Amino acid sequence: MKRIVLLLCCGLFLSTAFAIDSQPPFADPASQARYEHLIRQFRCLVCQDESIANSDADLAADFRRQIHAMVAAGQTDRQIKQYMVNRYGDFVLYNPPVQPNTWLLWGGPFLLLFIAMIVLVTVVRRRAHMDKAEEAGP
Amino acid sequence: MWRYLLPIVVLAALIGFFWRGLYLNPRIVPSPLIGKPVPVFSLPRLHDPDSVFTQEQFHGQVALLNVWATWCVACRDEHATLLHFAQQGVVPVYGLDYKDDRRSALDWLAKDGNPYAAVAFDASGDVAINWGVYGAPETFLIDSHGVIRYKYIGPLTPDIIDKELLPRIAALRRTGT
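The model shown is predicted, which means the values in this text are computed figures rather than measured ones.

### Some details on the pattern of salt bridges
Under the counting rule described, the total for this entry stands at 10 salt bridges over all chains. Between A:Arg34 and A:Asp77 there is a salt bridge, with the nearest N and O atoms lying 2.4 Å from each other. Here A:Arg34, found in helix α2 (residues 29–39), pairs with A:Asp77, found in helix α4 (residues 77–88); they are 43 residues apart in sequence, far enough to count as distant. A residue is classified by how much of its surface remains accessible, and A:Arg34, at 24% relative accessible area, is partly exposed. With a closest N to O distance of 3.9 Å, B:Lys99 and A:Asp58 form a salt bridge. Of this pair, B:Lys99 sits in the loop between β4 (93–98) and α3 (102–112) while A:Asp58 is found in helix α3 (residues 58–72), placing the two residues in two different chains. Residue classification places B:Lys99 among the buried positions, given a relative accessible area of 17%. Each of A:Asp58, A:Asp62, A:Arg65, B:Lys99 and B:Asp126 takes part in a single network of salt bridges with overlapping partners.

### Some details on the packing of α3(A) against α4(A)
Residue and element names in this part refer to chain A. Running from N to C, α3 and α4 point in directions that differ by 145°, and their axes come no closer than 10 Å. Considering how the two elements wind past one another, α3 and α4 form a crossing that is right-handed. Counted together, Leu-59, Phe-63, Gln-66, Ile-67, Met-70 and Val-71 of α3 and Ile-80, Tyr-83, Met-84 and Tyr-88 of α4 form the full contact between these two elements.

### Some words on the interface of chain A and chain B
Counting residues at the interface gives 17 residues for chain A, matched by 18 residues for chain B. Together chain A and chain B conceal approximately 1400 Å² of surface at their shared face, both sides included; 48% is due to carbon and sulfur atoms. In this assembly, chain A and chain B are joined by three salt bridges. Across the pair B:Asp126 and A:Arg65 runs a salt bridge, and its minimum N-O distance is 3.2 Å. Those elements giving two or more residues to the side of chain A that touches chain B turn out to be α3 and α4 of chain A.

The rules behind these values
- Residues numbered from 1 in each chain as written.
- Chains lettered and ligands numbered in written order.
- Predicted model: local features only at pLDDT ≥ 70, side-chain atom pairs only at ≥ 80, totals over all residues.
- Heavy atoms only, no water.
- Salt bridge = Lys/Arg side-chain N within 4 Å of Asp/Glu carboxyl O.
- Helix = DSSP H or I, 4+ residues; strand = E, 2+ residues; numbered from the N terminus.
- Buried < 20%, exposed > 50% of the residue type's maximum accessible area, 1.4 Å probe, protein only.
- Axes fitted to C-alpha atoms, helices over the stretch in contact; angles between N-to-C directions.
- Left-handed = near helix turned anticlockwise from the far one by under 90°.
- Contact = heavy atoms within 4.5 Å.
- Buried area = accessible area lost by both parts, 1.4 Å probe.

Okay, structure coming up:
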């Protein structure tokens, strides 16, 4: 039993496993952190539910190599993001920008919340009104 | 009245969205490169490694660029269609051999026929990234000014050629682009 539990616990760590690359880590920890942060932000287009940091796909390895080189060349996060978007569109971003075609995506939850509030207020008011009417009744 | 109508309206709207969703293909990502000039590149040719294939190839004529590889199963599916299309001579078909082995690529073309006017050999896949390639086969339609006009993702079929490619090629010819 203990063994099975241990095995299952190990399974919990599987999802955080990272794909392994041949390029060496950066000597400078700030660049390494920037690189690791960047590769988590882009979607792998082959296995679309994985970031390029997690994906084992060949294409993801190519992206990591490119981003590694761009970080090494001192390009800014903004430039690297633009590089990816210019080639693959906003779809590669896990965090889509707020722009006209994503207003509904970003605003949708608030819109639903607003509608729910209106419904709630209306129902509560109506109930209160009904209660009063009952009290005043015979 | 509203109490009964509203849930039905909401349900109908949801069914509408989900129904539409059933027929969308999330693997097809629209390319931001449509309407843009082809990326600048320089690659060795598959058949002649000493000479280069550059974006200049796309100036002065409407052409197709087909991204393929011998490891790509769907590329085998479309090969006969592509060969047939190339033989008709409507537009030249160029190839981008993506992350492939030169020997196997040459063998394949020698054995099963070569639809390509010329093939650029992209061993690292870096040029393909500049074209926004994420899975072979992919086919680009390029006008005579070297502007990408259309991209088809997935294996070409005679139907796709008739319905998607030929009308676009005819339109480009009509307007002289």
